[in-house]
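What follows is each chain in one-letter form.
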Amino acid sequence: MSTGNAQFSALIRAFFQSDEGVQFFLEAVEQMPMALMLFRVEGTEHRLVYLNRSAMPTDQVAPPDLVGRVASRAFRAQGADLSKILDVVRDGREPVHVSEYRSGDGRVWEGDVQPIVGRDGAVNHIVMMATDVSSAVRQRADDRVEAAQANATLSAQATRLAELDKIKSDFLNLASHELRGPLAVLRGYISMLGDGSLGELPPSAAAVMPALDAKAAHMALLITQMLEAARLEDSRLHLKIETVDLRQLARAAVAAMAALARPKQSVMFQGGSAPLLVLGDRLRLENILLNLLDNALKYSPGGGEVRMIAGRRHGNAVITVRDNGIGIAEADMPKLFTRFGRLVTDENSHIPGTGLGLYLCRELARMHGGEITATSEAGRGSEFVLRVPLKQT
Ligand code: ADP
(Lines give C-alpha, C1' and ligand atoms only; values in the text may rest on other atoms or scores of the structure.)
Protein backbone atom coordinates (compact mmCIF):
# COMPACT_ATOMS: atom_id res chain seq x y z
CA MET A 1 0.00 0.00 0.00
CA SER A 2 1.39 3.42 -0.88
CA THR A 3 2.14 5.96 1.84
CA GLY A 4 -0.56 8.26 0.45
CA ASN A 5 -3.22 5.56 0.79
CA ALA A 6 -2.03 4.64 4.26
CA GLN A 7 -2.24 8.26 5.34
CA PHE A 8 -5.72 8.54 3.85
CA SER A 9 -6.91 5.36 5.65
CA ALA A 10 -5.50 6.66 8.89
CA LEU A 11 -7.32 9.94 8.45
CA ILE A 12 -10.60 8.18 7.72
CA ARG A 13 -10.19 5.87 10.72
CA ALA A 14 -9.48 8.85 12.96
CA PHE A 15 -12.46 10.68 11.55
CA PHE A 16 -14.89 7.84 12.27
CA GLN A 17 -13.44 7.15 15.67
CA SER A 18 -14.52 10.56 16.88
CA ASP A 19 -18.21 11.00 17.80
CA GLU A 20 -18.13 14.34 16.08
CA GLY A 21 -16.88 12.77 12.84
CA VAL A 22 -19.61 10.11 12.81
CA GLN A 23 -22.25 12.72 13.62
CA PHE A 24 -21.01 14.96 10.84
CA PHE A 25 -20.97 12.10 8.35
CA LEU A 26 -24.51 10.99 9.21
CA GLU A 27 -25.77 14.55 8.97
CA ALA A 28 -24.14 14.88 5.52
CA VAL A 29 -25.79 11.63 4.34
CA GLU A 30 -29.13 12.80 5.76
CA GLN A 31 -28.95 16.11 3.92
CA MET A 32 -27.56 15.03 0.58
CA PRO A 33 -29.94 15.52 -2.35
CA MET A 34 -29.41 11.94 -3.49
CA ALA A 35 -31.71 9.29 -2.04
CA LEU A 36 -29.95 6.52 -0.14
CA MET A 37 -31.47 3.27 1.13
CA LEU A 38 -29.70 0.43 2.84
CA PHE A 39 -31.15 -3.09 2.93
CA ARG A 40 -29.95 -6.06 4.96
CA VAL A 41 -30.15 -9.35 3.11
CA GLU A 42 -32.04 -11.94 5.19
CA GLY A 43 -32.33 -15.17 3.21
CA THR A 44 -34.60 -14.35 0.30
CA GLU A 45 -35.84 -11.14 1.94
CA HIS A 46 -34.36 -7.64 2.12
CA ARG A 47 -35.03 -5.62 5.24
CA LEU A 48 -34.78 -1.83 5.02
CA VAL A 49 -32.39 -0.71 7.74
CA TYR A 50 -31.79 2.88 6.76
CA LEU A 51 -33.12 5.57 4.41
CA ASN A 52 -32.07 9.20 4.29
CA ARG A 53 -34.34 12.23 4.07
CA SER A 54 -34.27 12.46 0.27
CA ALA A 55 -35.43 8.84 0.06
CA MET A 56 -38.40 9.41 2.35
CA PRO A 57 -41.67 9.06 0.52
CA THR A 58 -43.55 12.30 0.00
CA ASP A 59 -46.86 10.68 0.80
CA GLN A 60 -48.21 9.67 4.21
CA VAL A 61 -45.83 6.86 5.17
CA ALA A 62 -43.45 8.09 7.87
CA PRO A 63 -39.85 6.73 7.97
CA PRO A 64 -40.32 4.57 11.08
CA ASP A 65 -43.11 2.80 9.20
CA LEU A 66 -40.70 1.75 6.53
CA VAL A 67 -37.51 1.14 8.43
CA GLY A 68 -37.40 -2.44 9.65
CA ARG A 69 -39.84 -3.72 7.07
CA VAL A 70 -39.00 -6.15 4.29
CA ALA A 71 -38.86 -4.78 0.77
CA SER A 72 -41.25 -7.31 -0.78
CA ARG A 73 -44.05 -6.08 1.49
CA ALA A 74 -43.14 -2.49 2.28
CA PHE A 75 -42.51 -1.45 -1.29
CA ARG A 76 -45.04 -3.59 -3.05
CA ALA A 77 -47.65 -1.95 -0.87
CA GLN A 78 -46.62 1.32 -2.48
CA GLY A 79 -46.84 -0.09 -5.95
CA ALA A 80 -43.11 -0.26 -6.67
CA ASP A 81 -41.21 -3.33 -7.73
CA LEU A 82 -38.00 -2.70 -5.86
CA SER A 83 -37.78 -6.15 -4.31
CA LYS A 84 -37.30 -7.75 -7.74
CA ILE A 85 -34.33 -5.46 -8.43
CA LEU A 86 -32.87 -6.38 -5.02
CA ASP A 87 -33.25 -10.10 -5.88
CA VAL A 88 -31.30 -9.55 -9.11
CA VAL A 89 -28.50 -7.65 -7.35
CA ARG A 90 -28.23 -10.24 -4.56
CA ASP A 91 -28.16 -13.25 -6.94
CA GLY A 92 -26.02 -11.61 -9.60
CA ARG A 93 -23.62 -10.01 -7.07
CA GLU A 94 -23.36 -7.18 -9.61
CA PRO A 95 -24.55 -3.58 -9.44
CA VAL A 96 -27.71 -2.75 -11.41
CA HIS A 97 -28.40 0.62 -12.93
CA VAL A 98 -32.00 1.73 -12.74
CA SER A 99 -33.44 4.44 -14.90
CA GLU A 100 -36.97 5.72 -14.60
CA TYR A 101 -37.69 3.69 -11.45
CA ARG A 102 -41.05 4.85 -10.14
CA SER A 103 -41.57 4.88 -6.38
CA GLY A 104 -44.97 4.54 -4.78
CA ASP A 105 -45.27 8.28 -4.16
CA GLY A 106 -45.10 8.93 -7.91
CA ARG A 107 -41.52 10.17 -8.07
CA VAL A 108 -39.16 8.88 -10.77
CA TRP A 109 -35.60 7.87 -9.91
CA GLU A 110 -32.39 7.16 -11.70
CA GLY A 111 -29.48 5.53 -9.88
CA ASP A 112 -27.60 2.40 -8.92
CA VAL A 113 -28.33 -0.57 -6.71
CA GLN A 114 -25.09 -1.93 -5.35
CA PRO A 115 -24.32 -5.20 -3.51
CA ILE A 116 -22.14 -4.96 -0.39
CA VAL A 117 -20.08 -8.10 0.07
CA GLY A 118 -19.11 -9.00 3.64
CA ARG A 119 -15.90 -10.61 4.93
CA ASP A 120 -17.56 -14.03 4.46
CA GLY A 121 -17.90 -13.35 0.70
CA ALA A 122 -21.71 -13.20 0.86
CA VAL A 123 -23.88 -10.27 -0.23
CA ASN A 124 -25.20 -9.21 3.14
CA HIS A 125 -26.29 -5.64 2.38
CA ILE A 126 -27.56 -3.81 -0.65
CA VAL A 127 -27.44 -0.06 -1.04
CA MET A 128 -29.50 1.98 -3.43
CA MET A 129 -28.45 5.49 -4.39
CA ALA A 130 -30.68 7.40 -6.73
CA THR A 131 -31.49 10.88 -7.96
CA ASP A 132 -35.00 12.25 -8.27
CA VAL A 133 -35.47 12.83 -12.03
CA SER A 134 -39.24 13.38 -11.87
CA SER A 135 -39.18 16.92 -13.22
CA ALA A 136 -36.82 16.04 -16.11
CA VAL A 137 -39.03 13.06 -17.02
CA ARG A 138 -42.14 15.24 -16.77
CA GLN A 139 -40.45 17.85 -18.95
CA ARG A 140 -39.54 15.19 -21.53
CA ALA A 141 -43.13 13.97 -21.57
CA ASP A 142 -44.39 17.56 -21.92
CA ASP A 143 -41.90 18.13 -24.74
CA ARG A 144 -43.16 15.01 -26.48
CA VAL A 145 -46.77 16.16 -26.14
CA GLU A 146 -45.81 19.62 -27.39
CA ALA A 147 -43.89 18.15 -30.35
CA ALA A 148 -46.86 15.92 -31.21
CA GLN A 149 -49.20 18.91 -31.03
CA ALA A 150 -46.87 21.01 -33.19
CA ASN A 151 -46.70 18.14 -35.70
CA ALA A 152 -50.46 17.84 -35.80
CA THR A 153 -50.80 21.61 -36.35
CA LEU A 154 -48.19 21.54 -39.11
CA SER A 155 -49.80 18.65 -40.93
CA ALA A 156 -53.22 20.33 -40.63
CA GLN A 157 -51.70 23.48 -42.12
CA ALA A 158 -50.04 21.45 -44.91
CA THR A 159 -53.39 19.83 -45.74
CA ARG A 160 -55.08 23.24 -45.77
CA LEU A 161 -52.34 24.66 -48.01
CA ALA A 162 -52.69 21.71 -50.40
CA GLU A 163 -56.45 22.33 -50.49
CA LEU A 164 -55.93 26.03 -51.19
CA ASP A 165 -53.44 25.16 -53.91
CA LYS A 166 -55.96 22.85 -55.52
CA ILE A 167 -58.65 25.53 -55.31
CA LYS A 168 -56.27 28.02 -56.94
CA SER A 169 -55.47 25.56 -59.75
CA ASP A 170 -59.14 24.76 -60.32
CA PHE A 171 -59.92 28.47 -60.35
CA LEU A 172 -57.14 29.13 -62.87
CA ASN A 173 -58.48 26.44 -65.13
CA LEU A 174 -62.05 27.65 -64.95
CA ALA A 175 -61.31 31.37 -65.23
CA SER A 176 -58.97 30.98 -68.15
CA HIS A 177 -61.40 28.77 -70.09
CA GLU A 178 -64.26 31.18 -69.42
CA LEU A 179 -62.20 34.20 -70.50
CA ARG A 180 -60.67 32.69 -73.59
CA GLY A 181 -63.85 32.56 -75.70
CA PRO A 182 -65.05 36.14 -75.15
CA LEU A 183 -61.52 37.48 -75.63
CA ALA A 184 -61.18 35.65 -78.96
CA VAL A 185 -64.39 37.38 -80.13
CA LEU A 186 -63.11 40.78 -78.94
CA ARG A 187 -59.78 40.31 -80.68
CA GLY A 188 -61.57 39.27 -83.88
CA TYR A 189 -63.60 42.50 -83.91
CA ILE A 190 -60.56 44.60 -83.01
CA SER A 191 -58.71 43.10 -85.94
CA MET A 192 -61.66 43.72 -88.32
CA LEU A 193 -62.00 47.29 -87.10
CA GLY A 194 -58.27 47.79 -87.55
CA ASP A 195 -58.08 46.45 -91.12
CA GLY A 196 -61.16 48.35 -92.25
CA SER A 197 -63.37 45.28 -92.85
CA LEU A 198 -66.13 46.98 -90.89
CA GLY A 199 -65.78 50.25 -92.75
CA GLU A 200 -63.54 53.28 -92.56
CA LEU A 201 -62.92 54.53 -88.98
CA PRO A 202 -62.78 58.24 -88.18
CA PRO A 203 -59.15 59.24 -87.49
CA SER A 204 -59.75 59.67 -83.72
CA ALA A 205 -61.01 56.05 -83.47
CA ALA A 206 -58.25 54.68 -85.73
CA ALA A 207 -55.68 56.29 -83.41
CA VAL A 208 -56.72 54.16 -80.41
CA MET A 209 -56.77 50.87 -82.35
CA PRO A 210 -53.08 49.96 -81.72
CA ALA A 211 -53.55 50.47 -77.97
CA LEU A 212 -56.78 48.39 -77.99
CA ASP A 213 -55.01 45.65 -79.92
CA ALA A 214 -52.04 45.69 -77.52
CA LYS A 215 -54.25 45.51 -74.41
CA ALA A 216 -56.21 42.61 -75.90
CA ALA A 217 -52.91 40.86 -76.70
CA HIS A 218 -51.81 41.42 -73.11
CA MET A 219 -55.00 39.87 -71.79
CA ALA A 220 -54.44 36.91 -74.11
CA LEU A 221 -50.95 36.50 -72.64
CA LEU A 222 -52.34 36.45 -69.10
CA ILE A 223 -55.02 33.92 -70.01
CA THR A 224 -52.41 31.76 -71.72
CA GLN A 225 -50.29 31.92 -68.55
CA MET A 226 -53.23 30.74 -66.46
CA LEU A 227 -54.13 27.94 -68.87
CA GLU A 228 -50.54 26.79 -69.19
CA ALA A 229 -50.05 26.76 -65.42
CA ALA A 230 -53.18 24.65 -65.00
CA ARG A 231 -51.94 22.28 -67.75
CA LEU A 232 -48.52 22.00 -66.13
CA GLU A 233 -50.18 21.24 -62.81
CA ASP A 234 -52.19 18.36 -64.29
CA SER A 235 -49.26 17.08 -66.44
CA ARG A 236 -51.20 18.02 -69.58
CA LEU A 237 -48.57 20.33 -71.02
CA HIS A 238 -47.02 18.67 -74.08
CA LEU A 239 -44.65 20.41 -76.51
CA LYS A 240 -45.24 20.47 -80.26
CA ILE A 241 -41.68 20.26 -81.52
CA GLU A 242 -40.59 21.81 -84.82
CA THR A 243 -37.59 23.75 -86.09
CA VAL A 244 -37.85 27.33 -84.87
CA ASP A 245 -35.68 30.36 -85.59
CA LEU A 246 -35.36 31.88 -82.13
CA ARG A 247 -33.78 35.07 -83.50
CA GLN A 248 -36.74 35.73 -85.75
CA LEU A 249 -39.14 34.87 -82.91
CA ALA A 250 -37.33 37.33 -80.63
CA ARG A 251 -37.48 40.07 -83.24
CA ALA A 252 -41.24 39.52 -83.72
CA ALA A 253 -41.80 39.53 -79.94
CA VAL A 254 -40.03 42.88 -79.64
CA ALA A 255 -42.19 44.31 -82.43
CA ALA A 256 -45.37 43.05 -80.74
CA MET A 257 -44.43 44.36 -77.31
CA ALA A 258 -43.25 47.75 -78.57
CA ALA A 259 -46.95 48.64 -78.86
CA LEU A 260 -47.29 48.18 -75.08
CA ALA A 261 -44.39 50.50 -74.22
CA ARG A 262 -45.35 53.66 -72.37
CA PRO A 263 -44.20 57.08 -73.56
CA LYS A 264 -40.86 57.07 -71.70
CA GLN A 265 -40.12 53.43 -72.53
CA SER A 266 -38.41 51.92 -75.54
CA VAL A 267 -37.93 48.33 -76.68
CA MET A 268 -34.91 47.44 -78.81
CA PHE A 269 -33.77 44.31 -80.59
CA GLN A 270 -30.16 43.47 -81.26
CA GLY A 271 -29.10 40.20 -82.81
CA GLY A 272 -27.49 40.23 -86.26
CA SER A 273 -29.14 38.38 -89.09
CA ALA A 274 -28.03 34.74 -88.80
CA PRO A 275 -30.87 32.43 -87.77
CA LEU A 276 -30.74 30.69 -84.39
CA LEU A 277 -32.34 27.35 -85.12
CA VAL A 278 -33.61 25.31 -82.21
CA LEU A 279 -35.96 22.38 -81.88
CA GLY A 280 -38.92 23.60 -79.89
CA ASP A 281 -42.54 24.54 -79.52
CA ARG A 282 -42.98 27.85 -81.39
CA LEU A 283 -45.92 29.12 -79.33
CA ARG A 284 -44.31 28.21 -76.03
CA LEU A 285 -40.98 29.80 -76.93
CA GLU A 286 -42.85 32.88 -78.09
CA ASN A 287 -44.68 32.99 -74.77
CA ILE A 288 -41.40 32.88 -72.85
CA LEU A 289 -40.05 35.83 -74.84
CA LEU A 290 -43.29 37.84 -74.53
CA ASN A 291 -43.35 37.18 -70.79
CA LEU A 292 -39.79 38.36 -70.29
CA LEU A 293 -40.42 41.51 -72.33
CA ASP A 294 -43.73 42.12 -70.58
CA ASN A 295 -42.01 41.90 -67.17
CA ALA A 296 -39.15 44.15 -68.26
CA LEU A 297 -41.65 46.84 -69.29
CA LYS A 298 -43.97 46.31 -66.32
CA TYR A 299 -41.17 46.57 -63.79
CA SER A 300 -39.71 49.72 -65.36
CA PRO A 301 -42.56 52.04 -64.38
CA GLY A 302 -40.35 55.12 -64.47
CA GLY A 303 -39.44 54.46 -68.11
CA GLY A 304 -36.17 53.31 -69.62
CA GLU A 305 -34.85 51.02 -72.28
CA VAL A 306 -35.66 47.34 -72.61
CA ARG A 307 -33.23 45.50 -74.82
CA MET A 308 -33.53 41.98 -76.21
CA ILE A 309 -30.28 40.53 -77.47
CA ALA A 310 -30.08 37.31 -79.48
CA GLY A 311 -26.84 35.39 -79.82
CA ARG A 312 -25.20 32.00 -79.50
CA ARG A 313 -22.82 30.57 -76.88
CA HIS A 314 -21.49 27.05 -76.19
CA GLY A 315 -23.97 25.30 -78.48
CA ASN A 316 -26.94 27.28 -77.17
CA ALA A 317 -29.14 29.97 -78.59
CA VAL A 318 -29.05 32.71 -75.97
CA ILE A 319 -31.67 35.43 -75.59
CA THR A 320 -30.95 38.16 -73.05
CA VAL A 321 -33.63 40.58 -71.86
CA ARG A 322 -32.18 43.58 -70.07
CA ASP A 323 -33.98 46.45 -68.38
CA ASN A 324 -33.03 49.35 -66.15
CA GLY A 325 -36.18 49.18 -64.04
CA ILE A 326 -36.80 48.67 -60.33
CA GLY A 327 -34.65 45.54 -60.09
CA ILE A 328 -34.92 42.73 -57.53
CA ALA A 329 -33.42 42.58 -54.04
CA GLU A 330 -30.90 39.78 -53.45
CA ALA A 331 -33.10 38.30 -50.70
CA ASP A 332 -36.05 37.99 -53.12
CA MET A 333 -34.14 36.12 -55.84
CA PRO A 334 -34.98 32.60 -54.54
CA LYS A 335 -38.71 33.38 -54.81
CA LEU A 336 -38.50 34.63 -58.38
CA PHE A 337 -39.28 31.44 -60.30
CA THR A 338 -41.71 29.91 -57.82
CA ARG A 339 -45.40 29.37 -58.54
CA PHE A 340 -47.47 32.42 -57.60
CA GLY A 341 -44.17 33.92 -56.43
CA ARG A 342 -44.81 37.67 -56.46
CA LEU A 343 -42.34 39.93 -54.76
CA VAL A 344 -44.07 42.64 -52.82
CA THR A 345 -42.14 45.89 -52.42
CA ASP A 346 -43.13 49.55 -52.24
CA GLU A 347 -42.14 49.95 -55.88
CA ASN A 348 -44.09 47.06 -57.37
CA SER A 349 -47.10 46.53 -55.09
CA HIS A 350 -49.31 48.52 -57.51
CA ILE A 351 -48.18 46.52 -60.59
CA PRO A 352 -50.66 43.74 -61.36
CA GLY A 353 -49.58 40.19 -62.10
CA THR A 354 -50.29 36.55 -61.35
CA GLY A 355 -46.86 35.43 -60.17
CA LEU A 356 -47.05 32.64 -62.74
CA GLY A 357 -45.01 34.10 -65.61
CA LEU A 358 -41.46 33.30 -64.57
CA TYR A 359 -42.44 29.97 -63.06
CA LEU A 360 -43.92 28.94 -66.40
CA CYS A 361 -41.00 30.39 -68.38
CA ARG A 362 -38.49 28.34 -66.43
CA GLU A 363 -40.55 25.13 -66.59
CA LEU A 364 -40.99 25.58 -70.36
CA ALA A 365 -37.29 26.38 -70.88
CA ARG A 366 -36.36 23.22 -68.98
CA MET A 367 -38.80 21.16 -71.04
CA HIS A 368 -36.79 22.35 -74.05
CA GLY A 369 -33.55 21.18 -72.41
CA GLY A 370 -32.68 24.79 -71.66
CA GLU A 371 -32.72 27.15 -68.69
CA ILE A 372 -33.60 30.67 -67.59
CA THR A 373 -31.42 32.55 -65.13
CA ALA A 374 -31.67 36.02 -63.66
CA THR A 375 -29.28 38.60 -62.29
CA SER A 376 -30.50 41.82 -60.81
CA GLU A 377 -29.78 44.69 -58.52
CA ALA A 378 -32.51 46.53 -56.63
CA GLY A 379 -33.00 50.00 -58.09
CA ARG A 380 -30.73 49.40 -61.09
CA GLY A 381 -32.42 46.84 -63.31
CA SER A 382 -32.53 43.16 -64.19
CA GLU A 383 -31.23 40.75 -66.78
CA PHE A 384 -32.94 37.49 -67.69
CA VAL A 385 -31.12 34.99 -69.89
CA LEU A 386 -32.87 32.20 -71.80
CA ARG A 387 -30.69 29.38 -73.13
CA VAL A 388 -32.03 26.73 -75.53
CA PRO A 389 -29.76 24.11 -77.18
CA LEU A 390 -29.14 24.89 -80.88
CA LYS A 391 -30.43 22.34 -83.36
CA GLN A 392 -27.63 19.94 -84.33
CA THR A 393 -26.81 20.23 -88.02
P1 ADP B 1 -45.95 38.57 -62.22
O2 ADP B 1 -47.20 38.12 -62.87
O3 ADP B 1 -46.15 39.00 -60.81
O4 ADP B 1 -45.19 39.55 -63.03
P5 ADP B 1 -43.73 36.73 -62.67
O6 ADP B 1 -43.64 35.28 -62.33
O7 ADP B 1 -43.59 37.10 -64.09
O8 ADP B 1 -45.11 37.23 -62.06
O9 ADP B 1 -42.63 37.46 -61.83
C10 ADP B 1 -42.52 37.19 -60.46
C11 ADP B 1 -42.06 38.42 -59.71
O12 ADP B 1 -40.72 38.71 -60.07
C13 ADP B 1 -42.85 39.67 -60.05
O14 ADP B 1 -44.00 39.79 -59.22
C15 ADP B 1 -41.83 40.77 -59.83
O16 ADP B 1 -41.83 41.15 -58.46
C17 ADP B 1 -40.50 40.09 -60.12
N18 ADP B 1 -39.98 40.42 -61.47
C19 ADP B 1 -40.09 39.71 -62.60
N20 ADP B 1 -39.46 40.29 -63.64
C21 ADP B 1 -38.91 41.41 -63.14
C22 ADP B 1 -38.11 42.47 -63.72
N23 ADP B 1 -37.76 42.46 -65.01
N24 ADP B 1 -37.72 43.47 -62.89
C25 ADP B 1 -38.07 43.47 -61.58
N26 ADP B 1 -38.82 42.52 -60.98
C27 ADP B 1 -39.24 41.50 -61.75
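What counts and how
- Residues numbered from 1 in each chain as written.
- Predicted model: local features only at pLDDT ≥ 70, side-chain atom pairs only at ≥ 80, totals over all residues.
- Heavy atoms only, no water.
- Pairing = 2+ DSSP bridges.
- Helix = DSSP H or I, 4+ residues; strand = E, 2+ residues; numbered from the N terminus.
- Salt bridge = Lys/Arg side-chain N within 4 Å of Asp/Glu carboxyl O.
- Buried < 20%, exposed > 50% of the residue type's maximum accessible area, 1.4 Å probe, protein only.
- Near = heavy atom within 4 Å.
- Polar contact = N/O pair within 3.5 Å; in protein donor to acceptor, adjacent residues only side chain to side chain.
- Areas by Shrake-Rupley, 256 points an atom, 1.4 Å probe, with all protein chains shown as cover.
- Nonpolar A, V, L, I, M, F, W, Y, C, P; charged D, E, K, R; others polar.
- Axes fitted to C-alpha atoms, helices over the stretch in contact; angles between N-to-C directions.
- Contact = heavy atoms within 4.5 Å.
- Core = buried A, V, L, I, M, F, W, Y, C linked by side-chain atoms within 4.5 Å.
- Patch = residues over 30% accessible without salt bridge, like charges linked within 9 Å, V, L, I, M, F, W, Y side chains within 5 Å.
- Phe/Tyr/Trp six-rings, centres within 6.5 Å; stacked < 30°, edge-to-face > 60°.
- Lys NZ or Arg CZ within 6 Å of the ring centre and 35° of its normal.
- Left-handed = near helix turned anticlockwise from the far one by under 90°.

A.B. asks: I'd like a rundown of the pairing of strand S9 (residues 304-313), residues and numbers included.
C.D. replies: On a regular strand, each side chain points to the face opposite its neighbour's, so the side chains alternate between the two faces of the sheet. Here 6 bridges tie strand S7 (residues 265-270) to S9, and the two strands are oriented parallel to one another. Residue Val267 lies in a different strand from S9, and its bridge partner there is Val306. Where S9 and strand S10 (residues 316-323) come together, 7 bridges link them in antiparallel fashion. When the sheet's bridge partners are listed, Ile309 is paired in S10 with Thr320.

A.B. asks: Tell me about the pattern of salt bridges, and please be specific about residues and values.
C.D. replies: This model, assessed by the stated rule, comprises 20 salt bridges. The salt bridge involving Glu30 is made with Arg53; its shortest N-O contact spans 3.8 Å. Taken together, the positions of Glu30 in helix H2 (residues 19-31) and Arg53 in the loop between strand S2 (45-51) and helix H3 (63-66) put the pair 23 residues apart, joining distant regions of the chain. For Arg53, a relative accessible area of 46% translates into the label partly exposed.

A.B. asks: Tell me what's going on with the site of the ligand, and back it up with residues and numbers.
C.D. replies: Neighbouring the ligand are 20 residues; Asn295, Tyr299, Arg342, Thr354 and Leu358 lie closest to it. Measuring from an oxygen atom of the ligand, one finds a side-chain N or O atom of Arg342 at 2.5 Å. In the complex, 99% of the free accessible area of the ligand, which totals 530 Å², lies under the protein chains. When contributions to the shell around the ligand are tallied by element, the ones reaching two or more residues are helix H9 (282-298), helix H10 (357-367) and strand S12 (381-389). Of the residues forming the shell around the ligand, the biggest block, 3 residues, is contributed by H9. For the shell around the ligand, a count of residues per class yields 8 nonpolar, 9 polar and 3 charged.

A.B. asks: Tell me about unusual backbone geometry, and name the residues and values.
C.D. replies: With a phi angle near 55 degrees, Glu100 is a residue other than glycine that sits in the positive phi range. Counting through the fold element by element, Glu100 comes out in strand S3 (residues 96-102). For Glu100, a relative accessible area of 41% gives the class partly exposed. The backbone of His314 shows a phi angle near 50 degrees, a positive value even though the residue is not glycine.

A.B. asks: Help me get a handle on the sheet that holds S10, residues and values and all.
C.D. replies: A sheet is described by the order of its strands in space; here 5 strands give the open sequence S7-S9-S10-S12-S11, paired in mixed fashion. If you trace the sheet from one side to the other, it starts and ends with S7 and strand S11 (371-377), each paired once. Neighbouring strand axes in the sheet, compared pairwise and without regard to direction, differ in orientation by 15 degrees on average. Against the sheet, H10 contacts S11 and S12, and its axis sits at roughly 140 degrees relative to S11.

A.B. asks: Before we move on, can you summarise the nonpolar core with the specific residues and values?
C.D. replies: Nonpolar side chains in soluble globular proteins generally cluster together in the buried interior. Within the largest apolar cluster, 49 residues are counted, with the highest numbers of intra-cluster contacts made by Leu246, Ile288, Leu293, Ile372 and Phe384. Looking at which element gives the most residues to this core, the answer is H9, with 8 residues. Excluding its chain neighbours within four sequence positions, the residues that come into contact with Ile372 are Ile288, Leu292, Phe337, Cys361, Arg362, Ala365, Phe384, Val385 and Leu386.

A.B. asks: Can you explain the environment of Ser266? Please cite residues and give values.
C.D. replies: Tracing the backbone shows Ser266 in strand S7. For Ser266, a relative accessible area of 29% corresponds to the partly exposed category. In this structure the C-alpha to C-alpha distance between Ser266 and Gly303, which are 37 residues apart in sequence, comes to 7.9 Å. Beyond its immediate chain neighbours, meaning those up to four positions away, Ser266 contacts Gly304, Glu305 and Val306.

A.B. asks: Lay out a nonpolar patch on the surface with the relevant residues and their values.
C.D. replies: Taken together, the side chains of Phe8, Ile12, Phe15, Phe16, Val22, Phe24, Phe25 and Leu26 make up a nonpolar region of the molecular surface, amounting to roughly 710 Å² of accessible area. For the nonpolar patch, the elements supplying multiple residues, two or more each, are helix H1 (3-17) and H2. According to the relative accessible area criterion, Val22 is partly exposed, its value standing at 30%.

A.B. asks: Tell me what's going on with the sheet that holds strand S1 (residues 35-42), and back it up with residues and numbers.
C.D. replies: Judged by pairing direction, the sheet is antiparallel, and its 5 strands sit side by side in the order S2-S1-S5-S4-S3 without closing on themselves. Unpaired on one side and paired on the other, S2 and S3 mark the two borders of the sheet. Between one strand axis and the next, the sheet turns by 30 degrees as a mean value, whatever way the strands run. Packed on one face of the sheet, helix H6 (residues 134-195) meets S3, strand S4 (108-117) and strand S5 (123-132) and runs near 65 degrees to S3.

A.B. asks: Go over the pairing of S1 with me, naming the residues and quoting the values.
C.D. replies: Where S1 lies against S5, 6 bridges are found, and the strand directions are antiparallel. When the bridges of S5 are listed, Ala35 appears paired with Ala130. Strand direction decides the pairing type here: S1 and S2, joined by 6 bridges, are antiparallel. Across the sheet, residue Glu42 finds its bridge partner in S2, namely Glu45. Hairpin connection of S1 to S2: 2 residues between the antiparallel strands, including Gly43 at a positive phi of 65 degrees.

A.B. asks: Run through the packing of aromatic side chains, naming residues and quoting values.
C.D. replies: This model, assessed by the stated rule, comprises 1 aromatic pair. The ring of Phe337 has Arg362 sitting right over it, with the charged end atom 3.7 Å from the ring centre.

A.B. asks: Help me get a handle on the packing of H9 against H10, residues and values and all.
C.D. replies: In the contact formed by H9 and H10, the axes pass within 10 Å of each other and the chain directions differ by 145 degrees. Relative to H10, H9 is oriented so that their crossing is left-handed. Within the contact between the two elements, H9 uses Arg284, Ile288, Asn291, Leu292 and Asn295 and H10 uses Gly357, Leu358, Cys361, Leu364 and Ala365. Looking at side-chain class alone, the contact of H9 with H10 contains 6 nonpolar, 3 polar and 1 charged residues.

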